[in-house]
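Remarks on the overall topology
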Amino acid sequence: MSYVRSEIAAMSGYVPGEQPCEGSVVKLNTNENPYRASEKVNAAIRRTLKKGLSRYPDPAASEVRNVVAKKFGVCCDSVLCGNGSDDLLTILTRTFIGSGDVLRLPYPTYILYRSLAEIQGAKSETVPFRPDWTLSDDIHRRTEADNLRLVFLANPNSPSGTVIPKEQILDIAEKLPCPLVVDEAYADFAEEHCIDLVKRCEKIIVCRTMSKSYSLAGLRFGYLVAQPHLVEEMMKVKDSYNCDSLSIAAAAAALSDDDWLADNRRKIIVTRKRLADQVRALGFTVPDSHANFIWAAYPGKPLKTIYEFLKAGGILVRYMAYPNWGDGLRISVGTDEQVDRCIELLEKGI
Ligand SMILES: *Cc1c(COP(=O)(O)O)cnc(C)c1O
């Protein structure tokens with residue numbers, strides 16, 4: 001007999017991308033940013049350390065709430081901070097989805113969503129993307145059983161890097177009987193975002209992370225924007241001190257440095273275009289990416305073997321195989337030099 005809840009025993013658990021020991025490996029597998037974070041982050045951490053860490057942190061992380069509120073023209077009560085956006089996704093599923101409820105998500109997308117539903121003992125229902133990565137009306141279809149509780153939409157999507165236009169997101173949310181979480185982990189690399197839609201539609205909740213566009217994956221910080229009455233409910237679910245003093249100070253400093261973000265965004269977008277063009281020139285199909293990675297498919301080619309060839313040559317990318325969809329390589333945008341090495345090896349391996 002197992003002591004473990006049956007839902008947990010039955011699930012396989014989310015497996016994050018490989019984190020090899022630092023060395024000569026070029027790491028293009030988990031969409032981290034290749035550049036160092038703003039210097040202001042280090043200064044903020046040093047200032048906090050000087051004050052000491054003997055006190056508990058501010059449970060609401062008000063310093064960050066204020067910066068986010070000002071940046072996006074929302075009120076502080078609309079902002080909830082998390083220990084990385086994975087923490088926020090956990091808070092969201094715990095707040096909205098109970099045992100036997102239904103979570104809906106497109107397919108393929110961020111794999112963690114499904115694991116979070118499984119932990120709740122909920123069912124997940126997938127709506128496949130069309131081959132061109134657009135979404136059909138099935139995403140807001142009303143189900144017979146009235147237990148659809150939450151829809152997750154990564155926008156830009158992972159692994160494709162593609163986007164669903166803002167008008168369509170608003171339309172989907174208005175037709176849904178439940179909240180729509182727009183996971184904007186990569187929105188800083190895209191042309192538009194949905195934070196201003198939150199005021200117009202109470203069903204829209206937007207999630208952000210500092211891990212990708214702010215070069216702070218090691219820090220663990222994310223925030224979401226939702227209408228205040230929903231944030232109030234989610235506050236009951238989160239750990240009291242889910243964000244620590246160092247990361248609160250660091251995130252506030254990073255979010256205040258608009259010049260750093262603009263510069264980083266510009267560099268990543270220039271390199272992304274070069275990477276996409278060169279990978280297409282090798283025969284891969286690469287949808288237009290609005291994120292800091294590209295998705296490279298090549299029906300008929302043994303991509304797993306190519307992934308292993310790259311790995312043996314010191315270039316780590318993510319190989320993904322989705323049942324009933326197909327496989328591909330998800331390649332993060334590194335520095336120009338890293339991307340050159342990746343292309344060089346791909347040319348040999350293809
Ligand atoms: C990376 C990623 C996250 C997780 O961000 P963390 O803040 O590092 O937990 C969430 N959603 C998507 C779609 C991501 O790609």
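Okay, so let's go over this structure. Not measured: the values here are computed from a predicted model. (Residues numbered from 1 in each chain as written. Predicted model: local features only at pLDDT ≥ 70, side-chain atom pairs only at ≥ 80, totals over all residues. Heavy atoms only, no water.)

**Considerations on the overall build of the protein chain**
- When helices and strands are counted, the protein chain shows twelve helices and twelve strands.
- What you see for the protein chain is a C-alpha radius of gyration of 20 Å, in line with the 20 Å of a compact globule of 350 residues.
- Projecting the C-alpha coordinates of the protein chain onto the three principal axes gives extents of approximately 55 × 55 × 50 Å.
- Among the 350 residues that make up the protein chain, the fraction classed as buried is 53%.
- Counted over contacts in the protein chain with a minimum sequence separation of 6, partners at least 24 positions apart contribute 73%.
- Surface accessibility of the protein chain: about 16200 Å² in total, with carbon and sulfur atoms responsible for 51%.
- Between the mean site of the 44 positive side-chain charges and the mean site of the 45 negative ones, the protein chain shows a separation of 3 Å. (Helix = DSSP H or I, 4+ residues; strand = E, 2+ residues; numbered from the N terminus. Rg over C-alpha atoms; globule rule 2.2 N^0.38 Å. Buried < 20%, exposed > 50% of the residue type's maximum accessible area, 1.4 Å probe, protein only. Contact = heavy atoms within 4.5 Å. Areas by Shrake-Rupley, 256 points an atom, 1.4 Å probe, with all protein chains shown as cover. Lys, Arg positive; Asp, Glu negative; His and termini not counted. Charge placed at Lys NZ, Arg CZ, Asp CG, Glu CD.)

**Let's talk about the pairing of strand β6 (residues 180-183)**
- Here β6 shows two buried faces, one formed by Leu180 and Val182 and the other by Val181 and Asp183.
- Note: strand β5 (residues 148-154) against β6, four bridges, orientation parallel. Within β6, the position partnered with Val151 by the bridge is Leu180.
- Handedness of the crossover is the feature at issue here: the chain leaves β5, passes through helix α6 (residues 166-175), returns alongside β6, and the resulting connection is right-handed.
- As paired elements, β6 and strand β7 (residues 204-209) share four bridges and run parallel to each other. (Pairing = 2+ DSSP bridges. Right-handed = clockwise from strand over helix to strand, strands pointing away.)

**Description of the packing of aromatic side chains**
- Scanning all chains against the criterion turns up twelve aromatic pairs.
- Consider the rings of Trp133 and Trp325, whose centres lie 4.9 Å apart with planes at 55 degrees: the pair is tilted. A residue pair is termed long-range when its members are at least 10 positions apart, and Trp133 in the loop between β4 (123-128) and β5 and Trp325 in the loop between β11 (318-322) and β12 (326-332) qualify at 192 residues.
- Residue Trp133 is classed as buried on the basis of its relative accessible area, which comes to 6%.
- Consider the rings of Tyr214 and Trp260, whose centres lie 6.4 Å apart with planes at 15 degrees: the pair is stacked. (Phe/Tyr/Trp six-rings, centres within 6.5 Å; stacked < 30°, edge-to-face > 60°.)

**Re the site of the ligand**
- Taken together, Gly84, Ser85, Asp86, Tyr110, Asp183, Ala185, Tyr186, Thr209, Ser211, Lys212 and Arg220 form the complete shell of residues around the ligand.
- Asp183 is positioned such that a nitrogen or oxygen atom in its side chain is 2.6 Å from a nitrogen atom of the ligand.
- Contacts to the ligand include Thr209, whose side-chain N or O atom sits 2.5 Å from an oxygen atom.
- Within the complex, the protein chains bury 93% of what would otherwise be the 380 Å² of accessible surface of the ligand.
- Given that more than half its atoms are within 2 Å of the pocket grid, the ligand belongs to the largest pocket. (Near = heavy atom within 4 Å. Polar contact = N/O pair within 3.5 Å; in protein donor to acceptor, adjacent residues only side chain to side chain. 1 Å grid on protein atoms, 1.4 Å probe; cavity = no way out; pocket = protein on both sides within 12 Å on 5 of 7 lines; lining within 4 Å. Sits in = over half its atoms within 2 Å of the grid points.)

**What to know about the sheet that holds β12**
- Pairing within the open sheet is antiparallel, and its three strands lie in the order β9-β12-β11. Each of the sheet's edge strands pairs with one partner strand only, and the pair in question is β9 (293-296) and β11. Strand-to-strand twist in this sheet, taken as the mean axis angle between neighbours without regard to direction, amounts to 25 degrees.
- Sheet topology note: the β9/β12 ladder contains four bridges and is antiparallel. Residue Trp295 lies in a different strand from β12, and its bridge partner there is Arg330.
- Across the face of the sheet, helix α10 (residues 258-281) comes into contact with β9 and β12 while running at roughly 10 degrees to β9. (Axes fitted to C-alpha atoms, helices over the stretch in contact; angles between N-to-C directions.)

**Description of the pattern of salt bridges**
- Going through the model one piece at a time under the given rule, you end up with 21 salt bridges.
- A salt bridge links Arg266 to Asp263, with the shortest nitrogen-to-oxygen separation between them at 2.4 Å. Of this pair, Arg266 and Asp263 both sit in helix α10, separated by three residues, roughly a single helical turn.
- Taking relative accessible area as the criterion, Asp263 reaches 30% and is therefore assigned partly exposed.
- The partner of Asp263 in a salt bridge is Lys267, and the shortest N-O contact between them spans 3.5 Å. Of the two residues, Asp263 and Lys267 are both situated in helix α10; the distance of four residues between them amounts to about one turn of the helix.
- By relative accessible area, Lys267 is classed as partly exposed at 31%. (Salt bridge = Lys/Arg side-chain N within 4 Å of Asp/Glu carboxyl O.)

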